[in-house]
Amino acid sequence: MTDDALPDGQEGLPSGLDLFAINPAFRNDPDAPLRLLRARCPVYQDESTKSLILTTYEDIRAVVNDRTLWRHPSRADTESLFHRFSPDNAGQDSQTESILFLDDPDHARVRQPLTQAFYKRASKVRGATERIVAEILDGLAGLAQVDIINDVGIPIPIFVIADILGVERERIEEFRAWSEGIILSLNAFRTVEESKTVEWARDQLRVFFLEEMQARRTQPRDDLLTDMVQLQAAGADLSDAEIAINCSALLVAGNLTTTDLIGNGVWLFLQHPDELVKLQADPALINAAVEEILRVEGPVVQTGRVASRAMEIAGRPVRQSTPISTYLRAANRDPGHFPDPDRFNITRAHAPHVSFGGGAHICIGAPLARLEAQVALAMLFARWPGMRLAQQELAWRALPGFRGLERLIVDLP
Ligand code: HEM
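Residues numbered from 1 in each chain as written. Predicted model: local features only at pLDDT ≥ 70, side-chain atom pairs only at ≥ 80, totals over all residues. Heavy atoms only, no water.

### A few points about the site of the ligand
In the vicinity of the ligand there are 28 residues, among which H107, T303, R305, H361 and C363 approach most closely. Within the side chain of R111, an N or O atom sits 2.7 Å from an oxygen atom of the ligand. T303 has a polar side-chain atom sitting 2.7 Å from an oxygen atom of the ligand. Elements represented by at least two residues in the shell around the ligand include exactly α5 (106–122), α12 (240–271) and β4 (302–306). Looking at which element gives the most residues to the shell around the ligand, the answer is α12, with 6 residues. In the shell around the ligand, the residues fall into 16 nonpolar, 10 polar and 2 charged. (Near = heavy atom within 4 Å. Polar contact = N/O pair within 3.5 Å; in protein donor to acceptor, adjacent residues only side chain to side chain. Helix = DSSP H or I, 4+ residues; strand = E, 2+ residues; numbered from the N terminus. Nonpolar A, V, L, I, M, F, W, Y, C, P; charged D, E, K, R; others polar.)

Below you can see the structure in the form of structure tokens.
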């Protein structure tokens, strides 16, 4: 749409299609267009995506916390970009039958047992996480240069979730290949080749989880797959296929996001040596530091809901079935909520970000992601206090909706 055709007051504003990392200008500077929208049109009816785009903390928090709103793309206006992610359109590649996109009553039915089992596991995994991170860092001993993304950020979440699920050591390399394959499904702009990899990984994971669940029924073990089959046997209304698809959803939702939290954290600290000095002087600041990384460079830029009824947002009428795009990054940098919002400051007073969303769909993996990033960053900077950014052209990933680096090369003195 040309500026001339825009409703009054919307001239000069970015189009919704420009607010994705596939657009080089957006991935190089996502904050400029979001700042403009927040200042000029915080409830923005975008014609290019046929969705409502929100950019203030208050509106976004209210929308993600509203448990009456929908999530499944098939509920969105058929004209909208979000509707294209419906299973009918997205075919087999769709993730939409996993918990990420279900609506009630199915969402509550599946989420309740999954969270019950997952939270218990996440609360017991600190020792394993410390061991896994230490082993990965041991493997880098003696190197002068490493890629934080590839060498540290990618393996950590894969090995930790493998430990939680109960993947045996001898299958870990296969599991890693499937995990790396299935997260390609996050990219709606993937190549034909990548789509084939996604399908292969999805099939392999499904067969693997179904077989492992069957084995746990006769030989229970101390892992999440055993918990899930035991909950099912005790009456949780979950099919085997639902357990399998939601175990895969843990990989899709949890691996790259945690990789990026670690990568973004290292990058922020190396860009802000004063903040690193604070952390090194007081290692107990690590928890606050991870929250500040989540706020300033959260790995998920945007989530959304669909209006389940005619409603109002900030006094503006919204029709039923309108997709509502909530830019979590814009909320986290809203000057109306955070003083000096663009500044990375690990001793900032209470700053509750929205990087894990909210309400019915709030991220299940938040405690695990926090733990992994806290352990990884603390160990990295303790082992290599003089770590420095190497000469490189920094490239942010072109993955819509996400924020992370393609690679992050550092010198290890
Ligand atoms: C820093 C890392 C992570 C970030 C920033 C993140 C962020 C998010 C966000 C924004 C949502 C959508 C929330 C909403 O729409 O309100 C979400 C959902 C979800 N996340 Fe995470 N996540 C992270 C790590 C993880 C991990 C480690 C796991 C699991 C191992 C995980 C599992 C999930 C699941 C299953 C959902 C869907 C929940 C539902 O729809 O009910 N995430 N996450």
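### Points about the nonpolar core
Among the nonpolar cores identified, the biggest contains 86 residues, and L165, F175, V266 and M387 are the most heavily contacted of them. Contact partners of M387, with chain neighbours within four places excluded, come to I148, V266, L270, L380, F381, V410, D411, L412 and P413. Counting 17 residues, the second-largest nonpolar core is a separate cluster that includes L52, Y57, F338 and V354. (Core = buried A, V, L, I, M, F, W, Y, C linked by side-chain atoms within 4.5 Å. Buried < 20%, exposed > 50% of the residue type's maximum accessible area, 1.4 Å probe, protein only. Contact = heavy atoms within 4.5 Å.)

### What about unusual backbone geometry?
Cis peptide bonds are those with omega within 30 degrees of zero, and the linkage from D104 to P105 qualifies with 5°. Turning to its location among the elements, P105 is positioned in the loop between α4 (87–90) and α5. Here K50, not a glycine, exhibits a phi torsion of approximately 55°, which is positive. Take K50: it is sitting in the loop between β1 (43–46) and β2 (51–54). Looking at K50, the relative accessible area reads 32%, which means it is partly exposed.

### Points about the coordination of the iron atom of the ligand
Exactly one protein atom donates to the iron atom of the ligand; that atom is C363 (SG), 2.3 Å from the metal. Within the secondary structure layout, C363 lies in the loop between α15 (328–332) and α16 (366–383). (Donors = N, O, S within 2.8 Å, 3.2 Å for Na, K, Ca; no water.)

### Some thoughts on the pattern of salt bridges
Counting across every chain of the model gives 34 salt bridges. Residue D342 is joined to R35 by a salt bridge in which the shortest nitrogen-to-oxygen separation is 3.3 Å. You can see D342 sitting in the loop between α15 and α16 and its partner R35 sitting in helix α2 (residues 31–40), a full 307 residues away along the chain. Relative accessible area serves as the criterion here: at 36%, D342 is assigned to the partly exposed category. A salt bridge links R221 to E168, with the nearest nitrogen and oxygen atoms 3.4 Å apart. (Salt bridge = Lys/Arg side-chain N within 4 Å of Asp/Glu carboxyl O.)

### Side note on helix α10 (residues 192–218)
Under the 1.5 Å per step criterion, the end-to-end length of α10 is 40 Å for 27 residues, consistent within 8% with the ideal 39 Å. S195, V198, A201, R202, L205, F208, F209, E212, M213 and R216 are the residues of α10 that are buried. Contacts made by the buried residues of α10 are with α8 (155–165), α9 (172–182), α11 (224–233) and α12. (Expected span 1.5 Å × (residues − 1).)

### What to know about the packing of α10 against α11
Where α10 contacts α11, the axes come no closer than 9 Å and their chain directions differ by 70°. By the angle between their axes, α10 is roughly perpendicular relative to α11. Once α10 is placed against α11, the crossing between them reads as right-handed. Note on element contacts: α11 touches α10 through L225, T226, V229 and Q232, opposite F209, E212, M213, R216 and R217. The class makeup of the residues in the contact of α10 with α11 is 4 nonpolar, 2 polar and 3 charged. (Axes fitted to C-alpha atoms, helices over the stretch in contact; angles between N-to-C directions. Parallel < 35°, antiparallel > 145°, perpendicular 65-115°, else oblique. Left-handed = near helix turned anticlockwise from the far one by under 90°.)

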